[in-house]
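So the chains spell out like this:
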Amino acid sequence: MKSAPELFFSDPRLAMTGAGRLLVRVAASAGYGLTVTAAFILSFSNLPQLRAIGFLLILFLCERLFHFGASDRSLAHLAALTSRGEAFPAGRANIAAYVTPRSYRILETALGRSRLGDGSFPVNLLRMLMSRRGIQEGLRRMDVPLPDFRSKLDQFLAPTGPAPRRDELEQEASFLVVAAFNQALAAESEAVEPKDLFAAVAHAKDPSLVKLFTLFNIGDDDLENALIWSRFGGRLSAIGFPTRLSSFIGRSFKKRRRFMNRAWTARPTPFLNRFSEDLTDAARAGAVGFMVGHAREYGNLVDALAKPENPNAVLIGETGSGKETIV
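Residues numbered from 1 in each chain as written. Predicted model: local features only at pLDDT ≥ 70, side-chain atom pairs only at ≥ 80, totals over all residues. Heavy atoms only, no water.

Undergrad: Please explain the overall build of the chain as it appears in this structure.
TA: For the chain, the helix and strand inventory stands at 17 helices and two strands. Burial statistics for the chain: of 327 residues in total, 38% are counted as buried. Pairs at least 24 apart in sequence give 72% of the contacts found in the chain among residues at least 6 apart. When the accessible surface of the chain is split by element, carbon and sulfur atoms take 59% of a total near 19,700 Å². (Helix = DSSP H or I, 4+ residues; strand = E, 2+ residues; numbered from the N terminus. Buried < 20%, exposed > 50% of the residue type's maximum accessible area, 1.4 Å probe, protein only. Contact = heavy atoms within 4.5 Å. Areas by Shrake-Rupley, 256 points an atom, 1.4 Å probe, with all protein chains shown as cover.)

Undergrad: Explain helix α6 (residues 133-141) to me, please; I cannot follow it from the model alone.
TA: The periodicity of an α-helix, 3.6 residues per turn, causes residues three or four places apart in sequence to face the same way. Within α6, seven of the nine residues are buried, which leaves the element mostly enclosed by the surrounding structure. Taken as a whole, α6 has its buried residues at Ile135, Gln136, Glu137, Gly138, Leu139, Arg140 and Arg141. After α6 finishes, the residue aspartate 143 shows a positive phi value of roughly 60 degrees.

Undergrad: Before we go on, may I ask you to explain the packing of helix α5 (residues 121-129) against helix α7 (residues 146-155) in this structure?
TA: A pair of packed helices is characterised by two quantities: the angle between their axes and the separation of those axes. Axis separation between α5 and α7 bottoms out at 10 Å; the angle between their running directions is 150 degrees. In terms of orientation, α5 lies roughly antiparallel with respect to α7. Along this stretch, α5 crosses α7, giving a crossing that reads as left-handed. In contact with Val123, Leu126 and Arg127 of α5, α7 contributes Phe149, Arg150, Leu153 and Asp154. The residue makeup of the contact of α5 with α7, split by class, is four nonpolar, no polar and three charged. (Axes fitted to C-alpha atoms, helices over the stretch in contact; angles between N-to-C directions. Parallel < 35°, antiparallel > 145°, perpendicular 65-115°, else oblique. Left-handed = near helix turned anticlockwise from the far one by under 90°. Nonpolar A, V, L, I, M, F, W, Y, C, P; charged D, E, K, R; others polar.)

Undergrad: Looking at this structure, how should I read the pattern of salt bridges?
TA: Pairs may arise between side chains of opposite charge once their charged atoms sit close together. Tallied over the entire structure, the rule returns nine salt bridges. Among the salt bridges present, the one from glutamate 108 reaches arginine 21, with a minimum N-O distance of 2.4 Å. With a gap of 87 residues between them, glutamate 108 in helix α4 (residues 101-115) and arginine 21 in helix α1 (residues 18-42) connect regions that are remote in the sequence. Overall, arginine 21 belongs to the buried group, its relative accessible area being 13%. A salt bridge links lysine 195 to aspartate 196, with the shortest nitrogen-to-oxygen separation between them at 3.4 Å. Bridged by salt links that share partners, the residues Arg21, Arg25 and Glu108 form one connected network. (Salt bridge = Lys/Arg side-chain N within 4 Å of Asp/Glu carboxyl O.)

Undergrad: I keep staring at the environment of isoleucine 218 and nothing clicks. Help me out?
TA: Tracing the sequence through the fold places isoleucine 218 in the loop between α10 (207-215) and α11 (222-238). The spacing of isoleucine 218 and alanine 202 is 16 residues in sequence and 9.3 Å in space, taken between C-alpha atoms.

Undergrad: So what exactly am I meant to see when it comes to the side chain of serine 71 here?
TA: Among the secondary structure elements, serine 71 is positioned in the loop between α2 (48-66) and α3 (75-83). Here the side chain of serine 71 touches arginine 73 through a polar contact of 2.5 Å, landing on its backbone oxygen. Apart from the residues within four sequence positions on either side, serine 71 is in contact with Ala97, Tyr98, Val99, Thr100, Pro101, Glu190 and Ala191. (Polar contact = N/O pair within 3.5 Å; in protein donor to acceptor, adjacent residues only side chain to side chain.)

Undergrad: Sorry, what's going on with the side chain of serine 174 here?
TA: Here serine 174 lies in helix α8 (residues 166-186). By relative accessible area, which is 12% here, serine 174 ends up buried. Once residues lying within four places of it in the same chain are set aside, the contact partners of serine 174 are Phe8 and Phe9.

Undergrad: Got a minute to help me understand the packing of aromatic side chains in this structure?
TA: Geometrically, a pair of aromatic rings is defined through the distance of the ring centres and the angle of the planes. Inspection of the entire model under this criterion finds three aromatic pairs. Between phenylalanine 40 and phenylalanine 44 the ring centres are 5.2 Å apart and the planes differ by 65 degrees, which places this aromatic pair in the edge-to-face class. Of the two residues, phenylalanine 40 and phenylalanine 44, neither departs from the other in class, the shared state being exposed. Against the face of tyrosine 104 rests arginine 13, its NZ or CZ located 3.9 Å from the ring centre. (Phe/Tyr/Trp six-rings, centres within 6.5 Å; stacked < 30°, edge-to-face > 60°. Lys NZ or Arg CZ within 6 Å of the ring centre and 35° of its normal.)

Undergrad: Would you take a moment to explain the environment of aspartate 118 for this structure?
TA: Inspection of the secondary structure assignment puts aspartate 118 in the loop between α4 and α5. Here aspartate 118 falls in the partly exposed class, since its relative accessible area comes to 32%. A sequence separation of 39 residues divides aspartate 118 from leucine 157, and the C-alpha atoms of the two residues are 6.0 Å apart. Excluding anything up to four places from it in sequence, aspartate 118 contacts Arg113, Asn124 and Leu157.

Undergrad: How should I be thinking about a nonpolar patch on the surface in this particular structure?
TA: Taken together, the side chains of Phe40, Ile41 and Phe44 define a hydrophobic patch exposed on the protein surface, amounting to about 390 Å² of accessible area. One can find isoleucine 41 in helix α1. (Patch = residues over 30% accessible without salt bridge, like charges linked within 9 Å, V, L, I, M, F, W, Y side chains within 5 Å.)

Undergrad: Got a minute to help me understand the confidence of the model for the chain in this structure?
TA: Predicted coordinates in regions of low pLDDT should not be interpreted in detail. Here the chain averages 76 in pLDDT, and 74% of its residues register 70 or above. Ranking the elements of the chain by mean pLDDT puts helix α12 (residues 243-249) last, at 41, and α2 first, at 90. Segment residues 233-266: pLDDT under 50, and 67 contacts once partners within four positions in sequence are set aside and those in other chains are kept. (pLDDT = per-residue confidence, 0-100.)

Undergrad: It is not clear to me how the nonpolar core should be interpreted in this structure. Could you clarify?
TA: Phe121, Leu125, Phe149 and Phe213 are the most contacted members of the largest nonpolar core, which totals 51 residues. Counting residues per element, the ones that place at least two in this core are α3, α4, α5, α6, α7, α8, α9 (194-200) and α10. Setting aside anything within four residues of it in sequence, one finds phenylalanine 121 in contact with Leu107, Ala110, Leu111, Ser114, Leu169, Glu172, Ala173 and Leu176. (Core = buried A, V, L, I, M, F, W, Y, C linked by side-chain atoms within 4.5 Å.)

Laid out in structure tokens, this is it:
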């Protein structure tokens, strides 16, 4: 039986200096510019051979435009090869070809800042990912106040010591990309997208991120669950998902009230919504109050707190019975 290969992430561009990467980008842009010019000129040539070359160049440019922003290899094709036992050869396997250009640019910028000693790599990576709209929606889905989250995250970006060595940063980046690769493969994604990097950040176990996630009560699985909505939100709207939920997604929650059944509401439930009403989302949208039931207990609490002397109350009940909701 063939043993599973050891996955790692390595891209020679990340080992280059900033000037070297700039030179590569300029050369690539110039090459595409010359190709477009040659395709336009040759396609109007009087010689059939040159005209055919021009048409081939046009087809090449169309193919590159069609796959713009995509990874060099597809995870869907990898899944098919895996089922036949032909995915990776034995030994070590580089997964850089499955990372999209958007993800690569985020990794490149985060690594560059970490090399300058401007915070740890996972913190820089999370700060870069925070600019993505889908990730912001995922955090809102978890009732995380974005301004407070960014402010606290920026505090961890302050330099705390000497810059880490290059090999340490590369190992840290490889670990996170492999975790994101496994996340994308399990989610049946086409490639490693920024959302997969975001879900993988929880596996970094960086001390600063552990403090941040503990402060905002974010668990290891919450990042992955929240991003399920951003992955399928557009598709569900196209097939008639309730409009009140669509309006909820665009809302900006400036004041965090409480966690409301995060484990269920972090996941889209289109089939269940056909036969029921989600009271949690109705409460988010302001259609109903946060408290459903417990009217007698709420009245008793108000009476106790309205006393002129010793306005104190103690709520006693089992876990999940609604004590925090009443407060």
